[in-house]
Structures are given as C-alpha cells and as structure tokens.
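Each chain is listed here by its residues.
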Amino acid sequence: MGIIECLPPYIITSLINLGQELGLNINVTVGNTISLLNAYDKNEFDVVIIGAGFSNEKHTSKILLSTELVIATDKSYPTITNISHLNGKTFLVSSKQCATSKRNFEMLFNAGNIKPERVIECGSYPVLFSNIALGKGVALVLRCSISNEIKSKIKVHKLDTSFNDFKIELVHRTNYSYFDIDKLINMITSVFQDPRLSYIGY
C-alpha cells in the first residue's frame, strides 16, 4: 500500500493493526501523490491512498475523506484576512509533487494573484512543520495533519471555503487473486472514519 505523507501517523498505525486482525499482511510506503500513482501504474503497489484529482478513467477509485486545507505560519505571524496578503511570501512544501502543492497552490496563487518569493521543498512533513515554526515561510497543509505538539508551535489560518476542501481517495484494482479487495476497502474506509480527522490537534 502506498499512502500520502500528509496524513497523521495514527492512520498508518490503524491500517497496519486492523490489517493484521483481518489476516492481511500490509506493507506501507509513504510518498507523494504523483510518485505513488506512477508506482501503482507500474504494479509496484496493490492500492494507493492519494490526493483526489490525479487518477483517471483507467483507475478505480473511492473518496475516503474530505478535509480542510489551512495556511500554517509561525506564532507571531499577523492573522491572514485576505489571501492576497500572501503575495511575495516564501512558501514551504514537503514535496513539489504532493497534491497540495501541485494543484492547490496553483489555485491559491491564481485566485489571490499571488507571486511567491520562492517555493522551498522541505522533503518531509516533520521538517516542513519545523521550518514553519521557525518563521522560514508559510505552508498550505491539511488541518488533520497538525498534531497537538505542532499546534502549540505554529499559527493556523483558515482559508476561504473555495480553497479549503481537499479530498483523499483510494485507488485500487477490481480483482486480486491473493487477497479479498472488498475486505481491504471496508477496512480502509473504517480507518478514515476516525473522528480525530475532523479537528486540529491529535
């Protein structure tokens, strides 16, 4: 299984634990949407959990979660009342190939007529949040990815509703000879019902 790295770590733990209970031997690889989908197309994964909007008609997919996108800054940053205030700022991303960067940043930049000073790739979410807290730039992140520890070190700004909806989907094949895909889909769906996904801080 491939899964996008912006999801909170308890999701991966739940997938592995529930998989073991159901007799499914799940191995998880964390990555960004584009690379995971490319690897899936090369049969390197049985299923992938990615940002919605990148699969196509040859893929079978199911929406697992719709969550909120927020702007994260350091604690001292002034409250953002208009996205145009982000013009000329440095933006931080975990990967330029992740779904929030690839699509949502482009939408945000276009809608707010924003020209970033630069976009810095941090390589991982822990490094991303560390640099946000240090005031190195601003970032567009999933609300559910912010732990209580991180929440105490950063400031979270809500976006206009036209930008804040981010969907996560499961991409899978329709039949497998070596495991029950319906059992796996039901298990994955149940994990994404976790109430912690609906608020900041876990």
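Residues numbered from 1 in each chain as written. Predicted model: local features only at pLDDT ≥ 70, side-chain atom pairs only at ≥ 80, totals over all residues. Heavy atoms only, no water.

### Re the packing of aromatic side chains
Moving on, step 1. Summed over the entire model, instances satisfying the criterion amount to 5 aromatic pairs.
Moving on, step 2. Ring centres of Y176 and Y178 lie 6.2 Å apart, and the angle between their planes is 80°; this geometry places the pair in the edge-to-face category.
Moving on, step 3. Overall, Y176 belongs to the buried group, its relative accessible area being 13%.
Moving on, step 4. We classify Y178 as exposed; its relative accessible area is 53%.
Moving on, step 5. On the numbers, 5.2 Å between centres and 65° between planes, the contact of Y178 with F179 is edge-to-face.
Moving on, step 6. Here F179 falls in the buried class, since its relative accessible area comes to 18%.
Moving on, step 7. Connected via pairs of aromatic rings, a cluster forms that spans Y176, Y178 and F179.
Moving on, step 8. Sitting above the plane of the Y40 ring, R173 keeps its charged end 4.0 Å from the centroid.
Moving on, step 9. Here the basic side chain of R196 rests over the ring of Y10, its NZ or CZ set 3.8 Å away from the ring centre. (Phe/Tyr/Trp six-rings, centres within 6.5 Å; stacked < 30°, edge-to-face > 60°. Buried < 20%, exposed > 50% of the residue type's maximum accessible area, 1.4 Å probe, protein only. Lys NZ or Arg CZ within 6 Å of the ring centre and 35° of its normal.)

### Considerations on helix α4 (residues 125-133)
Moving on, step 1. Listed as buried for α4 are Y125, L128, F129 and I132. Here the buried residues of α4 occupy an arc of 90° about the axis, which is enough to place them on one side.
Moving on, step 2. Backbone nitrogen of V127 and a side-chain oxygen of the N-cap are separated by 3.4 Å at the start of α4; the cap is S124.
Moving on, step 3. Phi turns positive, to about 80°, at G135, one or two residues after α4. (Helix = DSSP H or I, 4+ residues; strand = E, 2+ residues; numbered from the N terminus. Arc of directions from axis to C-beta. Polar contact = N/O pair within 3.5 Å; in protein donor to acceptor, adjacent residues only side chain to side chain.)

### Notes on the environment of I150
Moving on, step 1. Within the element layout of this structure, I150 appears in helix α5 (residues 148-151).
Moving on, step 2. Considering only alpha carbons, one finds I150 and I132, 18 residues apart in sequence, at a separation of 9.8 Å.
Moving on, step 3. Apart from the residues lying within four places of it in its own chain, the contact partners of I150 are F129 and S145. (Contact = heavy atoms within 4.5 Å.)

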